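# Notes for the structure review
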Amino acid sequence: LGVDQYVYPSTFEGSVDLALLELVVLLGLVYALIERFGRRLRPLLEHQTLDCWRQARVTLRREWLTAVSVLTVVSGLVAWLLPNILLALLPASLTASVRTPGGLSVLEVASFGFAVVPIGMLCSQYLFFLSKPRAAVGGAVAGAGTSAVVTALLVRGGDLTIASWGLLAGSFVYALIT
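Read on for an overview of the structure. These numbers come from a predicted model, not from an experiment.

### Notes on the overall build of the chain
When helices and strands are counted, the chain shows seven helices and zero strands. Along its sequence from the N terminus, the chain presents helices and strands in the succession α-α-α-α-α-α-α. The principal-axis extents of the C-alpha atoms in the chain amount to approximately 65 × 35 × 20 Å. Looking at the chain alone, contacts between residues at least 24 apart form 80% of all its contacts between residues at least 6 apart. Total accessible area on the chain stands at roughly 10100 Å², and carbon and sulfur atoms take up 68% of it.

What follows is the structure in structure tokens.
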């Protein structure tokens, strides 16, 4: 995938920018899930007595798992479908450089990389709700570091086609840690 296909910097930038548009859709869902969690958290904690904290933790875990599962499925679908939809809807003069084999390769990988970021963001917000900000910051720093190192290692030969794999690697580290 993307081996020995030269990609001009403008093609790489156009592909990544197009993939970035999926965050518009996904961040709306993250916001809705955070709002739902926030509305459910306070009543849950207000009505729990000290002897029922185990039930509260089970309920919180279930809320978290449901939200992350929904977001993961929707993110996967958006990453799979939206690039083709955008290429079909946007004028060819605007997306011509992206339509090259190398550009399409970058677009596909970047789409999945950006689709994983909202999962980490949602988990980070839950950690903030639960007063665990260091864990969220640690995940973000580890993800950014992984992305930088992997990208630097992959592009040291000058091939931008595989640079978006660094984004994907860093996004997965961020989501997994948080």
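### Comments concerning helix 6 (residues 133-155)
Taking 1.5 Å of rise per residue, the 23 residues of helix 6 would be expected to cover 33 Å, and the 33 Å separating its terminal C-alpha atoms lies within 8% of that figure. Turning to helix 6, its buried residues are Ala136, Gly139, Gly143 and Ser147. The inward-facing, buried residues of helix 6 contact helix 5 (101-129) and helix 7 (164-177).

### Topic: the packing of aromatic side chains
Applying the stated rule across the entire model yields one aromatic pair. Consider the rings of Phe37 and Tyr126, whose centres lie 4.2 Å apart with planes at 45°: the pair is tilted. Pair noted here: Phe37 is in helix 2 (residues 22-46) and Tyr126 is in helix 5, with a separation of 89 residues, a long-range link. Judged by its relative accessible area of 4%, Tyr126 is buried.

### Digging into the nonpolar core
Residues Leu18, Leu107, Ala110 and Phe114 are the most contacted members of the largest nonpolar core, which totals 17 residues. Those elements that provide at least two residues to this core are helix 1 (9-20), helix 2, helix 3 (53-89) and helix 5. In terms of nonpolar packing, the next biggest core, distinct from the first, is built from 16 residues, Leu60, Cys123, Tyr126 and Ala175 among them.

### A short note on the packing of helix 1 against helix 2
The contact between helix 1 and helix 2 brings their axes to 5 Å, and the two run at 25°. By the angle between their directions, the pair helix 1 and helix 2 is classed as roughly parallel. Residues Leu18, Ala19 and Leu20 of helix 1 form the contact with helix 2, whose own contacting residues are Glu22, Leu23 and Val24. Split by residue class, the contact of helix 1 with helix 2 holds five nonpolar, no polar and one charged.

### With respect to the side chain of Thr178
Among the secondary structure elements, Thr178 is positioned in the segment after helix 7. On the accessibility criterion, Thr178 (13% relative accessible area) is buried. Engagement of the side chain of Thr178 in a polar contact is seen with the backbone oxygen of Tyr174, the distance being 2.9 Å. Separated by 3.4 Å, the side chain of Thr178 and the backbone oxygen of Ala175 make a polar contact.

### Quick word on the pattern of salt bridges
Going through the model one piece at a time under the given rule, you end up with one salt bridge. Arg36 is the partner of Glu63 in a salt bridge, and the nearest nitrogen-oxygen pair spans 2.7 Å. Here Glu63, found in helix 3, pairs with Arg36, found in helix 2; they are 27 residues apart in sequence, far enough to count as distant. Accessibility expressed as a relative area gives 11% for Glu63, which makes it buried.

### Brief notes about a nonpolar patch on the surface
Taken together, the side chains of Val73, Leu77, Trp80, Leu81, Ile85, Leu89 and Phe112 present a nonpolar region at the surface, about 730 Å² in accessible area. By relative accessible area, which is 52% here, Val73 ends up exposed.

### Details of helix 3
Over its 37 residues, helix 3 runs 51 Å from end to end, which matches the ideal 54 Å to within 8%, given 1.5 Å per residue. A maximum bend of about 35° is found in helix 3 at Leu81, where proline Pro83 lies one to four positions downstream.

Conventions and cut-offs
Residues numbered from 1 in each chain as written. Predicted model: local features only at pLDDT ≥ 70, side-chain atom pairs only at ≥ 80, totals over all residues. Heavy atoms only, no water. Helix = DSSP H or I, 4+ residues; strand = E, 2+ residues; numbered from the N terminus. Contact = heavy atoms within 4.5 Å. Areas by Shrake-Rupley, 256 points an atom, 1.4 Å probe, with all protein chains shown as cover. Expected span 1.5 Å × (residues − 1). Buried < 20%, exposed > 50% of the residue type's maximum accessible area, 1.4 Å probe, protein only. Phe/Tyr/Trp six-rings, centres within 6.5 Å; stacked < 30°, edge-to-face > 60°. Core = buried A, V, L, I, M, F, W, Y, C linked by side-chain atoms within 4.5 Å. Axes fitted to C-alpha atoms, helices over the stretch in contact; angles between N-to-C directions. Parallel < 35°, antiparallel > 145°, perpendicular 65-115°, else oblique. Nonpolar A, V, L, I, M, F, W, Y, C, P; charged D, E, K, R; others polar. Polar contact = N/O pair within 3.5 Å; in protein donor to acceptor, adjacent residues only side chain to side chain. Salt bridge = Lys/Arg side-chain N within 4 Å of Asp/Glu carboxyl O. Patch = residues over 30% accessible without salt bridge, like charges linked within 9 Å, V, L, I, M, F, W, Y side chains within 5 Å. Bend = angle between axes of the 7 residues up to and from the residue.

None of this, on its own, says anything about what the molecule does.
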